[in-house]
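Take a look at the letters that make up each chain.
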Amino acid sequence: MSKNSAIKVENLSKAYQLGQIGTGTISRDLERWYARMRGKEDPFLRIGETNDRSIKGESDVVWSLKDINFEIEQGDAVGIIGRNGAGKSTLLKILSKVTAPTTGRISGKGRIASLLEVGTGFHPELSGRENIFLNGAILGMRKKEIQRKFDEIVDFAGIDRYIDTPVKRYSSGMYVRLAFAVAAHLESEILIVDEVLAVGDAEFQKKCLGKMGEVSKGEGRTVLFVSHNMDAVATLTSKSIYLKNGKLNLYSNTESVIKEYIEADKNEVGVYSKEPKLNIPSFTRIEVLTSEIDGSHMNGKDLVIDLEINMPEVIEGMSLSLQICNPKEQPIIYTYIFDTDTPLLRKTGINKMRCTLSNCKLYADRYYLIAHLAETKGKSKFEEIHRICEFEVVMPNKIIEWGWQKDVCVYTEDFRWEKK
Amino acid sequence: MHNDEHTWTIEAKASLFDLKLNEIWAYRDLLWLLVRRDFVSFYKQTILGPLWFFIQPLFTTIIFTFIFGNLAGISTDGLPKPLFYMAGITAWNYFADCLTKTSTVFKDNANIFGKVYFPRLIMPLSIVVSNLVRFGVQMILFLLMMAYYHFVVGASFNITWAITLFPVIVVLMALLGLGAGMIISAMTTKYRDLAFLVTFGVQLLMYATTVIYPLSTAIEKYPKYAWIVKYNPMTPIIETFRYGFLGEGSFSWGSLGYATGVTVALLIFGIVIFNKVERNFVDTV
């Protein structure tokens, strides 16, 4: 261990059980419990499965993190990047002690403050003042410490006029400002920040980023920072960790990690590829071409899907269709093409097709494809592939009053409001 | 800091009996702030505010007096009926509140637990302390009623030396509710249906405790089944409570010792299972 290490992570892994946990399987739970009591390994964990959600695992256990090792030096600001589901949040949760690792250990020096969310534990009925104390205490501050910093916090949030008003009367902006102000004034040697800055207005975001920079550069604190915003990572951190499918892919200086991440992601995102089948038609490659450089798709831009289909022999009357589904497995978009309308797949070997969804306005979420390959006359289905080419849709970086809330819809449409 | 020693570690496995008491001590301010939050938010959201603390035991007492005392004619060991019932209700309510609130602690705080770490035991502890405030208010009501019956009605009852056991009884009730509640809370994270059982179960349990009848009557009328009541750890607690304040009830050191034993056992088991579940429970909600 080097002299100045602030955090040392050794062989860290985390397994999650998918699906319904526990229900109807009391016997299995007992079996597992019995195995654990004897100090044996969980009989239902299978080692070696990686956390690749685009491929359905054989068991219902997924390794969200697998054998992570790294060491962070005191005073370093380290970014953690990776696609959704790469294990970033899990890593932060384990470091924040919100959940325990399945194997491995982490050791560290100094007090940890983690900010997975701003305003945790805020009570709408309580005043700003009362919430500052409550929230500060939840984050691990002593009452005296909060008292000492109270004026500074109120000043940073810029809400001194409303300090004795219940926070339920605050605007969302004020609420977030107050919440962040408390967190920003935590005294700790290590600060862990999840992507919490996505809320609040642009002005305040800048202020927060500034405050965080101050924290890491000025006061010699160790900072761990998760973000999808590569600019923020680049400005705030000197080193970065690149997580991929639950494994540590690269840990180096931020510049090269971001470069690697963008490069790798270009080739990785939303691709399905498979060896052609010998006797029947099959998909050999399906790729979703999203609009953004980091592999996500911006609501409102063209979404392009490229397909390659292998035909061992020419069959007339082929049809091709795609469904785009959300994580709740609800199909949102259906797109298709029939040979009867447009002759297609009329050559042996690889046939290339492209489907363009112009101005695709899927709402922010993760989506995946279901691809169907069939012959309509004889009604034979050659292939139906589920859960492939997962991609993420992001919303334009436009500030709206409430921020983009989750699950308010699945699709947006152009609209116009007017006074009558 | 110039030492190379790491000051903390996060391990995959933790000792079952590592109660992290020093950590809980470090977070004691949070405990008080949570209690304050419970009280203030309750106070602010209601019109009658703390009056609710009185209304519930008062009406329950009136109803019990009519139904069990007058209609059914169950003995109250010669004590004025309202006093007898209120003693039982006041004590029982505290235990029942601790139990039911603690049993949903994971569900109620899933959001906070999923985002911030603090010693989880703080939450159930804050529940027990919050309820103590409520219990205190109801005790005042009970004492007022005692004074009324003594000075105005002139009913005969006498305070005995056992009243000095009052602090012990309160601690026992709190810890018993806490222990049982934590066991249930840990189990409900996996088996949700248990949560429905709690409210119902607590209600049933009340009838197996000497809230509406004295232990002596139970033994006399149902000698075969009285053991259910007798071995219920809440029975000695309530009996001692009545004996201390009203001078009637079956008090014995043996049964109180038994209740203490059960409480300690449940509490230890509760804390162990709670600590175990707490480490991974956010993965399952």
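Every chain begins its residue count from 1, and numbering advances along the sequence as written. Throughout, the order in which chains and ligands are written sets their labels, letters from A for the former and numbers from 1 for the latter. The predicted nature of this model means local features are confined to residues of pLDDT at least 70 and side-chain atom pairs, given and counted, to a pLDDT of 80 or more, with totals for whole chains, interfaces and linings taken over all residues. Neither water nor hydrogens contribute to the side-chain values; these are computed over all heavy atoms in the structure.

Brief notes about the overall build of chain B
So, point 1. Put simply, DSSP marks the helices as runs of H or I at least four residues long and the strands as runs of E at least two long, and each gets a number from the N terminus on. Helix and strand counts for chain B come out as 13 helices and 1 strand.
So, point 2. When the helices and strands of chain B are listed from N to C terminus, the series reads β-α-α-α-α-α-α-α-α-α-α-α-α-α.
So, point 3. Referenced to the eigenvectors of the C-alpha coordinate spread, the extents of chain B come out at roughly 75 × 45 × 40 Å.
So, point 4. With a 1.4 Å probe rolled over the protein chains alone, any residue whose accessible area is under 20% of its type maximum counts as buried; one over 50% counts as exposed, and the rest are partly exposed. The proportion of buried residues among the 285 residues of chain B is 52%.
So, point 5. Partitioning the contacts of chain B with sequence separation of at least 6, the portion at a separation of at least 24 is 81%.
So, point 6. A total accessible area of about 13,700 Å² is found for chain B, and carbon and sulfur atoms account for 69% of it. The contact criterion used is simple: two residues touch if any of their non-hydrogen atoms lie within 4.5 Å. Accessible areas in this description were obtained via Shrake-Rupley with a 1.4 Å probe; residue shielding takes into account the shown protein chains only.

Focus on the nonpolar core
So, point 1. Only buried residues count toward a nonpolar core, which is a set of Ala, Val, Leu, Ile, Met, Phe, Trp, Tyr and Cys residues joined through side-chain atoms within 4.5 Å. Membership of the largest hydrophobic core comes to 154 residues, with the highest contact counts inside it found for B:Phe118 and B:Phe142.
So, point 2. The biggest single contributor to this core is helix H4 (residues 81–103) of chain B, with 13 residues.
So, point 3. Among all residues touching B:Phe118, those that are not within four sequence positions of it are A:Ile138, B:Tyr27, B:Leu30, B:Ile112, B:Phe113 and B:Met123.
So, point 4. Among the nonpolar cores identified, the runner-up in size contains 33 residues, and A:Ile305, A:Leu307, A:Met311 and A:Met318 belong to it.

Quick word on the UniProt feature "domain: ABC transmembrane type-2" (unreviewed entry) in chain B
So, point 1. UniProt positions are given in the numbering used here, feature names are shortened, and annotations may be inferred rather than shown by experiment. Under the local residue numbering, the UniProt record ascribes the feature "domain: ABC transmembrane type-2" (unreviewed entry) to residues 48–277 of chain B.
So, point 2. Across residues 48–277 of chain B, the secondary structure splits into 74% helix and 0% strand, with the terminal C-alpha atoms separated by 38 Å.

Some points on the pattern of salt bridges
So, point 1. Throughout this description, the term salt bridge denotes a Lys or Arg side-chain nitrogen within 4 Å of a carboxyl oxygen of Asp or Glu. For the structure shown, the criterion picks out 22 salt bridges over all chains.
So, point 2. Beyond isolated ion pairs, a larger network of salt bridges with shared partners links A:Glu10, A:Arg105 and B:Glu11.

Re the side chain of B:Ser126
So, point 1. You can see B:Ser126 is positioned in helix H7 (residues 122–153).
So, point 2. Residue class for B:Ser126 comes out buried when judged on its relative accessible area of 2%.

Some words on the confidence of the model for chain A
So, point 1. For every residue, the predictor reports its confidence as pLDDT, a number between 0 and 100. The predicted model of chain A has a mean per-residue pLDDT of 81, with 82% of residues at 70 or higher.
So, point 2. Within the model, the stretch residues 46–58 of chain A combines pLDDT values under 50 with 26 contacts to residues more than four positions away or in other chains.

Concerning the packing of H4(B) against helix H12 (residues 234–246) of chain B
Residues and elements named next belong to chain B.
So, point 1. Lines fitted to the C-alpha atoms define the axes, with helices restricted to the stretch that makes contact. Angles between their N-to-C directions range from 0 to 180 degrees. For the pair H4 and H12, the least separation of the axes is 10 Å and the interaxial angle reads 135°. Looking at the two axes, H4 sits oblique to H12. Handedness of the crossing formed by H4 with H12: right-handed. Note on element contacts: H12 touches H4 through Met234, Ile238, Phe241, Arg242 and Leu246, opposite Leu83, Phe84, Ala87, Gly88, Ala91, Trp92 and Phe95. An angle below 35 degrees is treated as roughly parallel, one above 145 as roughly antiparallel, one from 65 to 115 as roughly perpendicular, and anything else as oblique. Helix crossings fall into two classes, left-handed where the near helix is turned counterclockwise from the far one by less than a right angle and right-handed where it is turned clockwise.

Observations regarding helix H3 (residues 51–71) of chain B
All names here are of chain B.
So, point 1. Helices are assigned an expected span. That span is 1.5 Å times one less than the residue count. With 21 residues, H3 extends 29 Å between its outermost C-alpha atoms, agreeing within 8% with the 30 Å of an ideal straight helix rising 1.5 Å per residue.
So, point 2. In this analysis the local bend is the angle between axes fitted, respectively, to the seven residues ending at and the seven residues starting at the residue. Taken as a whole, H3 carries its principal kink of about 30° at Phe64.
So, point 3. Looking only at H3, the buried set comprises Phe53, Pro57, Thr61, Phe64, Thr65, Phe68 and Gly69.
So, point 4. Just beyond H3, the residue with positive phi is Gly73, at close to 65°.

What about unusual backbone geometry?
Residue and element names in this part refer to chain A.
So, point 1. In this structure, Leu345 is a non-glycine residue whose phi angle is positive, near 55°.
So, point 2. Positionally, Leu345 belongs in the loop between strand S15 (331–338) and strand S16 (349–357).
So, point 3. For Leu345, a relative accessible area of 3% corresponds to the buried category.

Focus on the packing of aromatic side chains
Residues and elements named next belong to chain B.
So, point 1. A pair of Phe, Tyr and Trp rings is counted when the ring centres sit within 6.5 Å of each other, with Trp represented by its six-membered ring. The angle between the planes then sorts it: under 30 degrees is stacked, over 60 is edge-to-face, the rest tilted. Applying the stated rule across the entire model yields 28 aromatic pairs over all chains.
So, point 2. Geometrically, the ring pair formed by Phe135 and Phe166 is stacked, given 6.3 Å between the ring centres and 25° between the ring planes. Remark: Phe166 occurs in helix H8 (residues 166–188) and Phe135 occurs in helix H7; sequence separation between them is 31 residues.
So, point 3. The structure contains a cluster of three or more aromatic residues connected by ring pairs, namely Tyr94, Phe135, Phe142, Phe166, Phe241 and Phe245.
So, point 4. Between the NZ or CZ atom of Arg28 and the centre of the ring of Trp25, over which it lies, the distance is 4.1 Å. Either the NZ atom of lysine or the CZ atom of arginine qualifies as a charge over a ring when it sits within 6 Å of the ring centre and within 35 degrees of the ring normal.

Describing the sheet that holds strand S12 (residues 296–298) of chain A
Residue and element names in this part refer to chain A.
So, point 1. By this definition, two strands are paired if DSSP reports at least two bridges between them. Strand order across the open sheet formed by 5 strands is S12-S18-S17-S14-S15, with mixed pairing between neighbours. The open sheet is flanked by S12 and S15, the only strands paired with a single partner. Averaged over neighbouring strand pairs, the angle between their axes works out to 30° when direction is ignored.
So, point 2. Two elements, strand S14 (residues 318–325) and S15, share 7 bridges in a ladder whose sense is antiparallel. Counterpart to Leu320 in the pairing with S15 is Ile337.

Some thoughts on the state of the cysteines
The term disulfide refers to a covalent linkage connecting the sulfur atoms of a pair of cysteines.
All names here are of chain A.
So, point 1. Disulfides are defined as pairs of cysteine sulfur atoms found within 2.5 Å of each other. Tallied over the full model, the rule gives 0 disulfides over all chains.
So, point 2. Cys325 carries a free sulfur, and the closest cysteine sulfur to it, the one in Cys389, is 12 Å from it.
So, point 3. No disulfide involves Cys355; its sulfur sits 9.9 Å from the nearest other cysteine sulfur, which is in Cys360.
So, point 4. In this structure Cys355 comes out as buried when scored by relative accessible area, which is 14%.

Thoughts on the interface of chain A and chain B
So, point 1. Taken together, the contact pairs 48 residues of chain A with 42 residues of chain B.
So, point 2. At the boundary of chain A and chain B, one finds 4 salt bridges.
So, point 3. Here a polar contact is taken to be a pair of N or O atoms separated by no more than 3.5 Å, where protein atoms must pair a possible hydrogen donor with a possible acceptor and residues adjacent in sequence count only if both atoms sit in side chains. Linking chain A with chain B are 9 residue pairs in polar contact (both at pLDDT 80 or more), by the criterion used here.
So, point 4. Secondary-structure elements contributing two or more residues to the side of chain A that touches chain B are strand S1 (5–17), helix H1 (26–37), helix H2 (88–95), strand S4 (103–108) and helix H3 (128–138) of chain A.
So, point 5. The greatest single-element share of the side of chain A that touches chain B, amounting to 6 residues, is contributed by S4(A).

What about the domain arrangement of chain A?
A common way to report how large an interface is uses the accessible area buried once the components associate.
Residues and elements named next belong to chain A.
So, point 1. Source of the domain bounds: an automatic or database domain assignment. When the domains of chain A are assigned, the result is domain 1 (72–264) and domain 2 (270–394).
So, point 2. Each of domain 1 and domain 2 has a C-alpha centre, and these two points are 40 Å apart.
So, point 3. Contact with domain 1, which involves 5 residues of that partner, is made by 5 residues of domain 2.
So, point 4. Buried surface area refers to the total accessible area, computed with a probe of radius 1.4 Å, that the two partners give up upon joining, counted for both partners together. When the two sides are added together, the surface that domain 1 and domain 2 hide from each other amounts to roughly 460 Å², 40% of it contributed by carbon and sulfur.
So, point 5. Taken together, the connections running from domain 1 to domain 2 amount to 0 salt bridges.

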